[in-house]
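Breakdown of the fold
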Amino acid sequence: MAAFPTVRHSTKSVRTVHAGIMVDRAEDGVPRTRSLYAADSYDFQVVLICSATDRDSIIAHQASEGASAFSYTWPDDGVAYTVRYAGPVEYRSFGAAGLWHVSVTLAGVAT
């Protein structure tokens, strides 16, 4: 299990928490909740502005770890997550000095 490459994230990167809480209402309108998951799950929309070398390392990482779980550290809180790729690596030229805009979707749970 090779960890996700260490690349500087853009401020447009987003972590979404799925607590798995379902709300039902009783006959008198009182809300009742129940938890569908034992632990919260997370989706990460990782946006990177990086060099062609970093882009290639991310593409190579998906090629080798695409079907496996791997370690990923969310830079905002430093917490390690066990994640999988939830879509393809998307990239396009940023136009400035050989930089690339890379977008990756990951899904997983806190380790």
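So, here is what we can say about the structure in this document. Residue numbering note: each chain is counted from 1, following its sequence as written. Side-chain atom pairs in this predicted model are given and counted only at pLDDT of 80 or more, local residue features only at pLDDT of at least 70, and totals for whole chains, interfaces and linings cover all residues. Side-chain descriptors were evaluated using all non-hydrogen atoms of the structure, hydrogens and water having been removed beforehand.

1. Some thoughts on a nonpolar patch on the surface
Grouping into patches uses exposed residues only, defined as over 30% relative accessible area, and leaves out salt-bridged ones; the cut-off is 9 Å for like charges and 5 Å for nonpolar side chains (Val, Leu, Ile, Met, Phe, Trp, Tyr). Note that accessible areas follow from Shrake-Rupley with a 1.4 Å probe, and for residues the cover is restricted to the protein chains shown. We count a salt bridge whenever a side-chain nitrogen from Lys or Arg sits within 4 Å of a carboxyl oxygen from Asp or Glu. A cluster of nonpolar side chains, namely Met22, Leu36 and Tyr37, defines an oily patch on the protein surface of about 280 Å² accessible area. With respect to the helices and strands, Met22 occurs in strand β2 (residues 21-25). Numbering of helices and strands runs from the N terminus; a helix is a DSSP stretch of H or I covering at least four residues, while a strand is a stretch of E covering at least two.

2. Remarks on the pairing of strand β6 (residues 80-85)
Residue alternation in β6 divides its side chains into a buried set, Tyr81, Val83 and Tyr85, and an unburied set, Ala80, Thr82 and Arg84. Note: two strands are recorded as paired if DSSP finds a minimum of 2 bridges between them. Relative to β6, strand β5 (residues 70-73) is paired through four bridges, and the arrangement is antiparallel. Considered in β6, the bridge of Ser71 is made with Thr82. Between β5 and the antiparallel strand that follows it, β6, lie six residues; Gly78 among them carries a positive phi value of about 70 degrees. In this sheet, strand β8 (residues 100-110) lies alongside β6 in antiparallel orientation, the contact comprising five bridges. When the sheet's bridge partners are listed, Val83 is paired in β8 with Gly108. Only protein chains enter the accessibility calculation, which uses a 1.4 Å probe; a residue whose area is less than 20% of its type maximum is buried, one above 50% is exposed, and one in between is partly exposed.

3. Describing the nonpolar core
Formed by 19 residues in total, the largest nonpolar core has its most connected members in Phe4, Phe44, Val104 and Leu106. When contributions to this core are tallied by element, the ones reaching two or more residues are β4 (41-50), β5, β6 and β8. At five residues, the largest contribution of residues to this core is made by β4. Note on terminology: a nonpolar core comprises buried Ala, Val, Leu, Ile, Met, Phe, Trp, Tyr and Cys residues joined through side-chain atoms within 4.5 Å.

4. Considerations on the environment of Val14
For Val14, the location among the structural elements is in strand β1 (residues 14-18). It is 38 Å that separates the C-alpha atoms of Val14 and Glu27, two residues lying 13 residues apart in sequence. In what follows, a contact means two residues having at least one pair of non-hydrogen atoms within 4.5 Å. Each residue touching Val14, except ones within four places of it in the same chain, is listed here: Asp43, Phe44, Gln45 and Trp74.

5. Focus on the packing of aromatic side chains
Aromatic contacts are taken between Phe, Tyr and Trp rings whose centres are within 6.5 Å, Trp giving its six-membered ring; a plane angle under 30 degrees counts as stacked, one over 60 as edge-to-face, and the others as tilted. This structure, assessed with the given rule, holds nine aromatic pairs. For the pair Phe4 and Phe70, a centre-to-centre distance of 6.4 Å together with 20 degrees between the ring planes defines the contact as stacked. Pair noted here: Phe4 is in the segment before β1 and Phe70 is in strand β5, with a separation of 66 residues, a long-range link. For the pair formed by Phe4 and Phe70, the shared burial category is buried. Ring geometry for Phe70 and Tyr85: centres 5.0 Å apart, planes at 40 degrees, overall tilted. On the criterion of sequence distance, the pair formed by Phe70 in strand β5 and Tyr85 in strand β6 is long-range, its members being 15 residues apart. A single burial state applies to Phe70 and to Tyr85, both of which are buried. Every member of this aromatic cluster is reached through a ring pair, and the members are Phe4, Tyr42, Phe44, Phe70, Tyr72, Trp74, Tyr81 and Tyr85. Two thresholds decide whether a charge sits over a ring: the Lys NZ or Arg CZ must be within 6 Å of the ring centre and within 35 degrees of the ring normal. Over the face of the ring belonging to Tyr91 we find Arg55, whose NZ or CZ atom lies 5.4 Å from the ring centre.

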